[in-house]
Amino acid sequence: MADIDEKKEKDFAPHIPQKAELFFLKGSNSLDWGMKNRLARIFNPTTGRTVMLAFDHGYFQGPTSGLERIDLTILPLIPYADSLMLTRGILRAVIPASTPQSIVLRVSGGTSILKELSDEGLAVDIEEAIRLNACGLAVQVFIGGEHERETILNMTKMVNLGTRFGLPTLAVTAVGKEMARDARYFRLATRICAELGAHFIKTYYVEEGFETVTASCPVPIVIAGGKKIPEREALRMAYRAIQEGAAGVDMGRNIFQAENPEAMIQAVRAVVHQNETPEKAFSLYQDLSHQKKGKRQKK
Ligand code: R5P
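Thresholds applied
- Residues numbered from 1 in each chain as written.
- Predicted model: local features only at pLDDT ≥ 70, side-chain atom pairs only at ≥ 80, totals over all residues.
- Heavy atoms only, no water.
- Disulfide = S-S within 2.5 Å.
- Buried < 20%, exposed > 50% of the residue type's maximum accessible area, 1.4 Å probe, protein only.
- Helix = DSSP H or I, 4+ residues; strand = E, 2+ residues; numbered from the N terminus.
- Pairing = 2+ DSSP bridges.
- Near = heavy atom within 4 Å.
- Polar contact = N/O pair within 3.5 Å; in protein donor to acceptor, adjacent residues only side chain to side chain.
- Areas by Shrake-Rupley, 256 points an atom, 1.4 Å probe, with all protein chains shown as cover.
- 1 Å grid on protein atoms, 1.4 Å probe; cavity = no way out; pocket = protein on both sides within 12 Å on 5 of 7 lines; lining within 4 Å.
- Sits in = over half its atoms within 2 Å of the grid points.
- Nonpolar A, V, L, I, M, F, W, Y, C, P; charged D, E, K, R; others polar.
- Phe/Tyr/Trp six-rings, centres within 6.5 Å; stacked < 30°, edge-to-face > 60°.
- Axes fitted to C-alpha atoms, helices over the stretch in contact; angles between N-to-C directions.
- Parallel < 35°, antiparallel > 145°, perpendicular 65-115°, else oblique.
- Left-handed = near helix turned anticlockwise from the far one by under 90°.
- Contact = heavy atoms within 4.5 Å.
- Core = buried A, V, L, I, M, F, W, Y, C linked by side-chain atoms within 4.5 Å.
- Expected span 1.5 Å × (residues − 1).
- Arc of directions from axis to C-beta.

(A) Region of interest: the state of the cysteines. As enumerated under the stated definition, the model contains zero disulfides in all. Between Cys193, a cysteine without a disulfide, and Cys217, which holds the nearest cysteine sulfur, the sulfur-to-sulfur distance is 8.2 Å. Look at Cys193 and you get buried, because its relative accessible area is 1%.

Written as C-alpha cells, this is what we have:
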C-alpha cells in the first residue's frame, strides 16, 4: 500500500542510537516485559523502593487487632501505599475496584493459628489472580519448618505459573517459633527462595548483619514489620533496613496498630522514599498526629 503521508518529511534520527535501558530492580533485568511492568507497579521506578501495606493477617489468624473493620481502618491508608498485600476475599469484599495501587495477592493458605502453620498449600489459582488484576503472588515459605519441602514447592509452582503469565512471585520467609531469627538463618532462607525463582522476597530485619542478608540475595528484599513496637523504634528499624540494602517494607501491624496509622504510614514513606532519618520521620509522625487531633477537636 502506498505511503499516504509521502509528502511529509520524516525524521528517522539515524545518528541517535535507540536507548537500551537496564531495568531498575536488582536481579530483574532478564525478566519479560509484563513481569517488569508489574514489578514497576509494586516498586517505585524513581526510588527503586516500595511501601507495601500488608493486611493479609486474617488468612490464618482471623480479625487481627486493627483489622477488625478493614473498610474503616485500612481504606484511609491506601493513598499512602505503593502496593497492597492482601487476600482475595478482602480484595473483592472491601477494596474499591477503582484503587490505583498495585495488588500483591496472598495465594498460599490452608492453616490456622490453631494448628501447624507450615502445613500450607496453594489457595488461589493463577486465572483468579489474573482476573483480579494482581501484580504479584505472595507465597509463605517455611525454611526449617515441619513442612519445608511442601512450602518451597508451593513457591516454585507459583513461580512456574506466574512466569507463564508475567506475574512475579513474592516469597514470604516465615520463621517458626523454634528458629533463630538471625542473619545466618535469613541468608539461608532468602537465598533458597531466590535460587528457586522468587522475584522478590519478604523477610525480617535483624540488628546484626542484615546487610549480609541483602548482599547475598540476588533479588530485592522487603522487610515485614513484625510485632507492634513503639513508633520511633519501628521507624528506626525501617531506616536501618533501607540503609542496609532493603528495597522497601511490606509492613502491617506497625502501621495499622500505630496510635495514628495515617501519620505512621506517611512517616514510613519518608524513610523509604526520601531516606529520612528516624528522628525526622518520627517528628513528621508527631506533627501529622497533632494536626489530625487539631482537626478532630475543631469539628
Ligand atoms: C504474615 O504472615 C503476613 O504475611 C503479614 O503480611 C506479614 O507478617 C507482615 O505483616 P507485619 O508487618 O505485621 O509483620
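(B) Spotlight on the pairing of strand S3 (residues 102-106). S3 sits mainly inside the fold: five of its five residues count as buried. Across the two faces of S3 the burial is the same, with Ser102, Val104 and Arg106 and Ile103 and Leu105 all buried. Strand direction decides the pairing type here: strand S2 (residues 83-86) and S3, joined by four bridges, are parallel. Residue pairing for S3: Met85 is matched across the bridge by Val104. Inspection of the sheet shows S3 paired to strand S6 (residues 136-141) by three bridges, in the parallel sense. Following the sheet pairing, Val104 is matched in S6 by Gly136.

(C) Fine view of unusual backbone geometry. With phi around 40°, Ala13 is a residue other than glycine that occupies positive phi space. Looking at the element boundaries, Ala13 is found in the segment before helix H1 (33-42). The phi angle at Asn275 is positive, at roughly 55°, despite the residue not being glycine. With respect to the secondary-structure elements, Asn275 resides in the loop between helix H11 (261-274) and helix H12 (278-298).

(D) Region of the structure containing the site of the ligand. Within the structure, the ligand sits among 16 residues, and Asp56, His57, Gly225, Gly252 and Arg253 are positioned closest to it. Residue His57 places a side-chain N or O atom 2.8 Å away from an oxygen atom belonging to the ligand. The separation between an oxygen atom of the ligand and a polar side-chain atom of Arg253 is 2.7 Å. Coverage of the ligand by the protein amounts to 96% of the 360 Å² it exposes when considered alone. Under a 2 Å grid-point criterion requiring more than half of the atoms, the pocket assigned to the ligand is the largest pocket. In the shell around the ligand, the residues fall into six nonpolar, five polar and five charged.

(E) Structural detail: the packing of aromatic side chains. Following the criterion strictly, the structure yields seven aromatic pairs and no others. Between the aromatic rings of Phe43 and Phe200, the centroid separation amounts to 5.5 Å while the plane-to-plane angle is 75°, which identifies the pairing as edge-to-face. In this pair, Phe43 sits in the loop between H1 and strand S1 (50-54) while Phe200 sits in strand S8 (residues 200-203), placing the two residues 157 residues apart along the sequence. Ring geometry for Tyr205 and Phe210: centres 4.9 Å apart, planes at 55°, overall tilted. As far as the burial class goes, Tyr205 and Phe210 line up, both buried. Joined through ring pairs, the aromatic side chains of Tyr185, Phe186 and Tyr204 make up one cluster.

(F) Broad picture of the environment of Ala20. By the element assignment, Ala20 lies in the segment before H1. A relative accessible area of 75% places Ala20 in the exposed class. Taking the C-alpha atoms as reference, Ala20 lies 41 Å from Arg253; in sequence the two are 233 residues apart.

(G) Structural detail: the packing of H11 against H12. Contact geometry of H11 with H12 gives a least axis separation of 8 Å together with a crossing angle of 150°. In this view, H11 runs roughly antiparallel relative to H12, as classed from their interaxial angle. The interaxial crossing formed by H11 with H12 has right-handed handedness. Between H11 and H12, the contacting residues are Glu262, Ala263, Met264, Gln266, Ala267, Ala270 and Val271 on the first element and Ala281, Leu284, Tyr285, Leu288, Ser289 and Lys292 on the second. Residues of the contact of H11 with H12, tallied by class, amount to nine nonpolar, two polar and two charged.

(H) Representation of the nonpolar core. Core analysis: the largest hydrophobic core is formed by 74 residues, its most contacted members being Leu53, Phe55, Ile74, Leu84, Leu105, Phe210 and Val268. The greatest single-element share of this core, amounting to seven residues, is contributed by H11. Setting aside its immediate chain neighbours within four residues, Leu84 contacts Leu53, Phe55, Ile78, Ile95, Thr99, Gln101, Ser102, Ile103 and Val104. Of all hydrophobic cores here, the second largest spans 16 residues; its members include Ala54, Val104, Ala138 and Leu170.

(I) Geometry of H12. If you check H12, its first and last C-alpha atoms are 30 Å apart, about what 21 residues at 1.5 Å a residue would give, namely 30 Å. Those residues of H12 that fall on the buried side of the exposure criterion are Pro278, Ala281, Phe282, Tyr285, Leu288 and Ser289. Buried residues of H12, seen end-on, are gathered within an arc of 125° and therefore sit on one face of the element. Facing away from the buried side of H12 by over 90 degrees, the exposed positions are Glu279, Lys280, His290, Lys295, Gln297 and Lys298. Contacts made by the buried residues of H12 are with helix H9 (231-243) and H11.

Shape is all these values report; function is a separate question.
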